[in-house]
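# Fold and geometry: a report
Each chain, written out:
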Amino acid sequence: SETNSGPVVTVSTALQMTAVYSCIDILSRTVGSLPLYLYRRLKEGGKELARKHPLFALMRREPNPEMTAMRYRSTLQGHLASWGNSYSYIDWAGNGYPKALWPIRPDRVDVQRVKGELVYHYYPGSDDKNLVEGFAIPRDSMLHIPGFGFDGVMGYSPLSLCREAVGLGLATEEFGARYFGDGTHPSMLIEHPTQLKDRKAFREA
């Protein structure tokens, strides 16, 4: 959305602001570095690491063949801090357990409730959902982690809620860059021998 200060604030433009990028980067890397283990409850009480469970390696080491667990969790946290939601496609194996989790850009997902069930429509290849034809992903094949939101389904985008503050920051950075880029001192000085009465004619001359 366009802000009162002028800049249009999206996730891409907001990340150009050093304060926004630093906050999201630190938050994402911190959450991504936290350990994530799968435990099994014991009959006699207590718990133990379920190292042989199919989900243990998926959650702890490699959620998909292209990402480490830290990079995957950092990506999800970055999506939450930017768009307010994180989505991952669940690639099911034949044994009834997921064999891979693939993160999806939140701006390419549209959530709808059809006959009481949530259906996720994915629009790959374009940020504009009106330009491409999407396809539906059933709820059982989507890992959706919403951020803060009142309906319990969709999270609010922090950058959208704070777009005026982000827009002001972007406008300030742009003004400062242009000011110093053009030089902070005038390149010439014009002196008139007498009192200047017709300033408009002088400027046009």
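Anything mentioned here points back to the structure above.
Anyway, here's the lowdown on the structure attached to this text. All figures in this text were calculated on a predicted structure; none of them were measured in a lab. (Residues numbered from 1 in each chain as written. Predicted model: local features only at pLDDT ≥ 70, side-chain atom pairs only at ≥ 80, totals over all residues. Heavy atoms only, no water.)

## Overview of the overall build of the protein chain
On a plain count of helices and strands, the protein chain comes out with seven helices and eight strands. By the compact-globule yardstick of 17 Å for 205 residues, the protein chain is too spread out, its C-alpha radius of gyration being 26 Å. Seen through its principal axes, the protein chain has C-alpha atoms that stretch 100 × 40 × 30 Å. Partitioning the intrachain contacts of the protein chain with sequence separation of at least 6 by distance along the chain shows that 49% fall at a separation of at least 24. (Helix = DSSP H or I, 4+ residues; strand = E, 2+ residues; numbered from the N terminus. Rg over C-alpha atoms; globule rule 2.2 N^0.38 Å. Contact = heavy atoms within 4.5 Å.)

## Here we look at the side chain of Ser28
Note that Ser28 resides in helix α2 (residues 18–33). The residues contacting Ser28, other than those within four sequence positions of it, are Ser74, Gln77 and Gly78.

## Focus on the pattern of salt bridges
Under the definition given, this model contains five salt bridges. The partner of Arg105 in a salt bridge is Asp107, and the shortest N-O contact between them spans 2.7 Å. Its salt-bridge partner being Arg178, residue Glu174 comes within 3.2 Å of it at the nearest N-O pair. Taken together, the residues Glu174 and Arg178, both in helix α6 (residues 163–181) and four residues apart, mark about one turn of the helix. Take Glu174: its relative accessible area is 39%, and that puts it in the partly exposed class. Classification of Arg178 as exposed rests on a relative accessible area of 55%. (Salt bridge = Lys/Arg side-chain N within 4 Å of Asp/Glu carboxyl O. Buried < 20%, exposed > 50% of the residue type's maximum accessible area, 1.4 Å probe, protein only.)

## Observations regarding α2
In this model α2 runs 22 Å from its N-terminal to its C-terminal C-alpha over 16 residues, within 8% of the 22 Å that 1.5 Å per residue would give. Along α2, the residues that are buried comprise Val20, Ile24, Ser28 and Gly32. Each buried residue of α2 lies within a common arc of 75 degrees when the element is viewed along its axis, so the set occupies one face. When the buried face of α2 is taken as reference, the exposed residues oriented beyond 90 degrees from it are Thr18 and Cys23. On its buried side, α2 packs onto α1 (11–14), α4 (69–83), α5 (158–161) and α6. (Expected span 1.5 Å × (residues − 1). Arc of directions from axis to C-beta.)

## A word on unusual backbone geometry
Notably, Lys115 is not glycine yet its phi reads approximately 55 degrees, a positive angle. Within the element layout of this structure, Lys115 appears in the loop between β5 (109–114) and β6 (117–122).

## Re the packing of aromatic side chains
Taken as a whole, this structure holds seven aromatic pairs when the rule is applied. Aromatic pair Phe148 and Tyr156: ring centres 5.9 Å apart, planes at 70 degrees, arrangement edge-to-face. Take Phe148: its relative accessible area is 57%, and that puts it in the exposed class. Relative to Tyr156, the ring of Phe150 lies with its centre 5.7 Å away and its plane at 70 degrees, an arrangement referred to as edge-to-face. (Phe/Tyr/Trp six-rings, centres within 6.5 Å; stacked < 30°, edge-to-face > 60°.)

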